[in-house]
Amino acid sequence: MTDVTADNFDELWPHIQRNIDQAVLVGIDSEFSGIVASPKLKNSLFDTMPERYTLQRQNISPFTITQFGLTLFVRATEPNAYVAHPYNFYLCPPSFGRLDPRFSCQASSLQFLRRYGFDFNKFIYGGIPFLHAEDEAMLKADIKDRSMWSVKDRVNVDERFIQERCSAVSHWLSDASPDAPAAWSEEVRELSLRYLLQKELRRRFADVWTSSHGSQVLVTRVTPAMRCDLEATDDLDQWLVTSLVGFTRVMRHLRVRQKPMVGHNCMLDLMLIHHLFIGPLPKEYHRFKAEIHSWFPEVYDTRHIVHSVKDMCSEEVSALLDTSSLLSLHRSLGSRALLAAVLHTPAIWLTDAASRYKKEAAHEAGYDAFAAGCCLLRMAHLIAHRDASSFSHRPLSVREHLAALSQNKNHVNVIRATVNHMCLDGPDPRTERPRWFHLAARGGGSLNVPEVVELLSQYGAVDVRPCSARQALVAVGNYRCAKDVMDAFRKDKRYTIAQYSALKHSALVRTLLWSGVAVSTGLGAVLLLSQLRRTSS
């Protein structure tokens, strides 16, 4: 595992690029500053996918990614083996001029991160900046029209720091003693301040030139001719843009290379990836799917795939799978019993830098990205060999493994909705949930919704949507739960329950229907009367 911060990102970037280029599979995971913007924004079994997207768009947009895990699986030189290169990126939104993004933090999410050893210092002090395309365009426009030199856009600039360093350079330039240093340098950790200090020094002093080396600003004496040549090739403005785009370069390179990508229950990850690194989330659900698919055309979700494994493999194999969490799934797929269940399970080796991931590090983004990739390869191997004769017990290529998962490609798990996944490259599936129920209070009584929810919840995943003081709709997660609910309430003395029928139970539908009948009858009568008048005349 390699922790990547603003201090070592530029140094590691060529290695990350090379590993992306060589990777056959990319594992991803994110840690968020929060996950629920309002208690009113809750997932429901009534949600269609457009409704769920709209809800999650409101839910997730105020938050940021604090840590992004990227594990690049590269084919080893030995047969039937992969080398995993995990990276743990600490991210923090940048502030420069008009760029001053806001994000929310949820106390429970911060507590969760603290419980699993999250390094908040690396997030705040060492977080890599990032910009999506709209913010990058605004930054370039501000640099071009020099808006950063106006007072209103420099409210967050440490002017005293700049003035003191300019005075120090002035003193250095006036020192004519033989032992005066040949150059002046200062460590400036804040990226925007490093840029502004260089701009100010170059503006004030015609006989110097500045350069940046890591966090050091170096000032040297130059002749007018040297200064002219250096200005002709100056790239300080582009350096600032590239530095503030930061981690977004990783996402853009992944888009160029079009590598297969895997996450675990990754709908929110994909939404925040779009919001932070591509552009603000579109209002339309279909546009979000199309844009994400154009960036990442091959996405797999291990939370969704594991259900296919349980359905397609033998009962013995299915019984060994623990699907309660990514960590549990990773443990069970790495168990001796499952590794021995099918021949030629591919070996997955960690690099020396990531050797500590030989021990579990749950909810560290780099480790979870590694675990997601391992789970995908092992589940693909199980599915591919469910008919062992088709491959004659031989090792498989990564394309053969992914071909075994073709029915799951671009299917992203969805929790507690009318469907169990969304399809990034086509229409979403039809619902396989049971029909809704209509629940009504007997006699003239009113519906006690909290009591109803408590009563129904003992049978499984249930959501209740009140229609009136006496009636409610009930959505259930599966057919077993539906049967249990019907059996339990069939003879209940307080409530009646029946399968929902819009014609029978919706007052709005009945009103529209009778209105239509009345209008049709009226039009028919008018036409008939008109015909009779023409006949009589």
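A short tour of the structure in this document, coming up. (Residues numbered from 1 in each chain as written. Predicted model: local features only at pLDDT ≥ 70, side-chain atom pairs only at ≥ 80, totals over all residues. Heavy atoms only, no water.)

Some thoughts on the overall build of the protein
Phase 1: Scanning the protein for helices and strands turns up 22 helices and 16 strands.
Phase 2: At 31 Å, the protein has a C-alpha radius of gyration far larger than the 24 Å of a compact globule built from 537 residues.
Phase 3: Across the 537 residues of the protein, 47% fall into the buried class.
Phase 4: Intrachain contacts of the protein at a sequence separation of at least 6 include 73% that bridge at least 24 residues.
Phase 5: Split by element, the accessible area of the protein, about 27,000 Å² in all, is 54% carbon and sulfur.
Phase 6: When the 63 basic and 57 acidic side-chain charges of the protein are each reduced to a single mean position, those positions are 10 Å apart. (Helix = DSSP H or I, 4+ residues; strand = E, 2+ residues; numbered from the N terminus. Rg over C-alpha atoms; globule rule 2.2 N^0.38 Å. Buried < 20%, exposed > 50% of the residue type's maximum accessible area, 1.4 Å probe, protein only. Contact = heavy atoms within 4.5 Å. Areas by Shrake-Rupley, 256 points an atom, 1.4 Å probe, with all protein chains shown as cover. Lys, Arg positive; Asp, Glu negative; His and termini not counted. Charge placed at Lys NZ, Arg CZ, Asp CG, Glu CD.)

Structural notes on the packing of helix α2 (residues 49-60) against helix α11 (residues 267-278)
Each pair of packed helices can be described by the angle between their axes along with the distance between the axes.
Phase 1: Contact geometry for α2 and α11: axes closest at 11 Å, N-to-C directions at 60°. As far as their axial angle goes, α11 and α2 are oblique. In this structure, α2 crosses over α11, and the sense of that crossing is right-handed. Of the residues in α11, those in contact with Met-49, Arg-52, Tyr-53, Gln-56, Arg-57 and Ile-60 of α2 are Met-267, Leu-268, Met-271 and Leu-272. (Axes fitted to C-alpha atoms, helices over the stretch in contact; angles between N-to-C directions. Parallel < 35°, antiparallel > 145°, perpendicular 65-115°, else oblique. Left-handed = near helix turned anticlockwise from the far one by under 90°.)

Things to note about the pattern of salt bridges
Phase 1: Taken as a whole and judged by the stated rule, the model has 27 salt bridges.
Phase 2: Taking the shortest distance from any N to any O, the salt bridge between Glu-164 and Arg-165 comes out at 3.0 Å.
Phase 3: With a relative accessible area of 18%, Arg-165 lands in the buried category.
Phase 4: For Arg-494, the salt bridge is made with Glu-451, and the minimal N-O distance between the two is 3.6 Å. Within this pair, whereas Arg-494 is found in the loop between α20 (479-489) and β16 (495-499), its partner Glu-451 is found in helix α19 (residues 449-457), the two being separated by 43 residues in sequence.
Phase 5: The class for Glu-451 is partly exposed, based on a relative accessible area of 29%.
Phase 6: Residues joined in a network through salt bridges with shared partners are Arg-160, Glu-164, Arg-165 and Glu-186. (Salt bridge = Lys/Arg side-chain N within 4 Å of Asp/Glu carboxyl O.)

As for the packing of aromatic side chains
Phase 1: Applying the stated criterion across every chain yields a total of 22 aromatic pairs.
Phase 2: Seen in terms of ring centroids, Tyr-53 and Tyr-285 are 5.7 Å apart; in terms of plane orientation they differ by 45°. Their pairing is tilted. With Tyr-53 in helix α2 and Tyr-285 in helix α12 (residues 285-295), this residue pair connects regions lying 232 residues apart in the sequence.
Phase 3: Tyr-285 sits in the buried class, given a relative accessible area of 9%. (Phe/Tyr/Trp six-rings, centres within 6.5 Å; stacked < 30°, edge-to-face > 60°.)

Concerning the sheet that holds strand β14 (residues 462-466)
Hydrogen bonding along the main chain pairs the strands of a sheet, whether they run parallel or antiparallel.
Phase 1: Spatially, the 4 strands line up as an open sheet ordered β14-β15-β13-β16, and their pairing is antiparallel. Both outer strands of the open sheet, β14 and β16, are each paired with one neighbouring strand and no more. Neighbour to neighbour, the strand axes of the sheet diverge by 25° on average, direction disregarded.
Phase 2: As paired strands, β14 and strand β15 (residues 471-476) are joined by 5 bridges and run antiparallel to one another. (Pairing = 2+ DSSP bridges.)

Comments concerning the environment of His-385
Phase 1: By secondary structure assignment, the location of His-385 is in the loop between α17 (365-384) and α18 (398-403).
Phase 2: The buried category is assigned to His-385, whose relative accessible area is 7%.
Phase 3: Between the alpha carbons of His-385 and Thr-48 there is a distance of 36 Å; along the sequence they are 337 residues apart.

Remarks on the sheet that holds strand β7 (residues 216-221)
Phase 1: As summarised here, the arrangement of the 3 strands in space is β5-β7-β6, forming an open sheet in which the pairing is antiparallel. Strands with a single pairing partner mark the edges of an open sheet, and in this sheet they are β5 (183-187) and β6 (208-213). Ignoring strand direction, the axes of neighbouring strands in this sheet form an average angle of 20°.
Phase 2: Summarising the sheet, β6 and β7 pair through 6 bridges and their orientation is antiparallel. By the bridge assignment, Trp-209 is partnered in β7 with Thr-220.
Phase 3: Across the face of the sheet, helix α6 (residues 159-174) comes into contact with β5, β6 and β7 while running at roughly 160° to β5.
Phase 4: Against the sheet, helix α7 (residues 191-204) engages β6 and β7, with an angle of about 165° to β6.

Quick word on the pairing of strand β4 (residues 81-90)
Phase 1: In terms of residue burial, β4 counts as a mostly covered element, since 9 of its 10 residues are buried.
Phase 2: Relative to β4, strand β1 (residues 2-4) runs parallel, the two sharing 3 bridges. Across the sheet, Val-4 pairs through a bridge with Phe-89, a residue of β4.
Phase 3: For strand β3 (residues 65-75) and β4, the ladder comprises 9 bridges, and the chain directions are antiparallel. Its bridge partner being in β4, Gly-69 is matched across the sheet by Asn-88.
Phase 4: Linking two consecutive strands that pair antiparallel, namely β3 and β4, is a turn of 5 residues; a positive phi of about 60° is found at Asn-80 within it.

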